[in-house]
Amino acid sequence: MDTLKVNISLPVGMYHQAKALVEHGVYHSFSEMVRSGLRNELDEQREINPEFVESMRKAEKSGYKEFSSGRDLLKDLHTAVE
């Protein structure tokens, strides 16, 4: 599986709560906790909005080549789910 390193900004309190979950062994790492949250959100979207998920799959398969920017991707995805 290919991976991509990203930076995120979090409220300080949220960060400390997340780190506490890792320190207490709920998650192996901070990255694992974030991936789990993203998976849960994607699963929820798949249930309530399958058109959005299908649009994301198509964009991913194309390597996002048809989108010149993240703003274009979001605009097109929003249009797809309307």
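Because the structure is predicted, anything quoted here is derived from the model rather than measured.

### As for helix α1 (residues 12-23)
Side chains that are three or four residues apart share a direction in an α-helix, a result of its 3.6 residues per turn.
And then number 1: For α1, built from twelve residues, the straight-helix expectation of 16 Å at 1.5 Å per residue is met to within 8% by its first-to-last C-alpha distance of 16 Å.
And then number 2: Phi turns positive one or two residues past the end of α1, at Gly-25, with a value near 80 degrees.

### Observations concerning the packing of helix α2 (residues 30-48) against helix α3 (residues 50-61)
And then number 1: Relative to each other, α2 and α3 sit at 120 degrees, their axes nearing to 5 Å. Classified by the angle their axes make, α2 and α3 are oblique. Facing α2, whose interface residues are Leu-42, Gln-45, Arg-46, Glu-47 and Ile-48, α3 presents Pro-50, Phe-52, Val-53 and Arg-57.
And then number 2: Classifying every residue of the contact of α2 with α3 gives five nonpolar, one polar and three charged.

### Some thoughts on the confidence of the model for the chain
And then number 1: Summarising the model, the chain shows a mean pLDDT of 81, and 76% of its residues fall at 70 or more.
And then number 2: Mean pLDDT per element in the chain: helix α4 (residues 70-81) is the minimum at 63, and α1 is the maximum at 95.

### Section: α2
And then number 1: Helix length check: α2 (19 residues) gives 27 Å between terminal C-alpha atoms against 27 Å at 1.5 Å per residue, within 8%.
And then number 2: Listed in full, the buried residues belonging to α2 are Met-33, Ser-36 and Gln-45.
And then number 3: Against the buried residues of α2 lie α1 and α3.

### Topic: the environment of Leu-10
And then number 1: Along the chain, Leu-10 falls in the segment before α1.
And then number 2: A relative accessible area of 34% places Leu-10 in the partly exposed class.
And then number 3: Setting aside residues no more than four positions away along its own chain, Leu-10 makes contact with Tyr-15 and Phe-30.

### Looking at the layout of surface pockets
And then number 1: Roughly 1300 Å³ of volume is contained in the largest pocket.
And then number 2: Looking at the lining of the largest pocket residue by residue, the class counts come to twelve nonpolar, three polar and nine charged.

Rules of the game
Residues numbered from 1 in each chain as written. Predicted model: local features only at pLDDT ≥ 70, side-chain atom pairs only at ≥ 80, totals over all residues. Heavy atoms only, no water. Helix = DSSP H or I, 4+ residues; strand = E, 2+ residues; numbered from the N terminus. Expected span 1.5 Å × (residues − 1). Axes fitted to C-alpha atoms, helices over the stretch in contact; angles between N-to-C directions. Parallel < 35°, antiparallel > 145°, perpendicular 65-115°, else oblique. Contact = heavy atoms within 4.5 Å. Nonpolar A, V, L, I, M, F, W, Y, C, P; charged D, E, K, R; others polar. pLDDT = per-residue confidence, 0-100. Buried < 20%, exposed > 50% of the residue type's maximum accessible area, 1.4 Å probe, protein only. 1 Å grid on protein atoms, 1.4 Å probe; cavity = no way out; pocket = protein on both sides within 12 Å on 5 of 7 lines; lining within 4 Å. Points joined across faces, edges and corners; volume = space filled by probe spheres on them.

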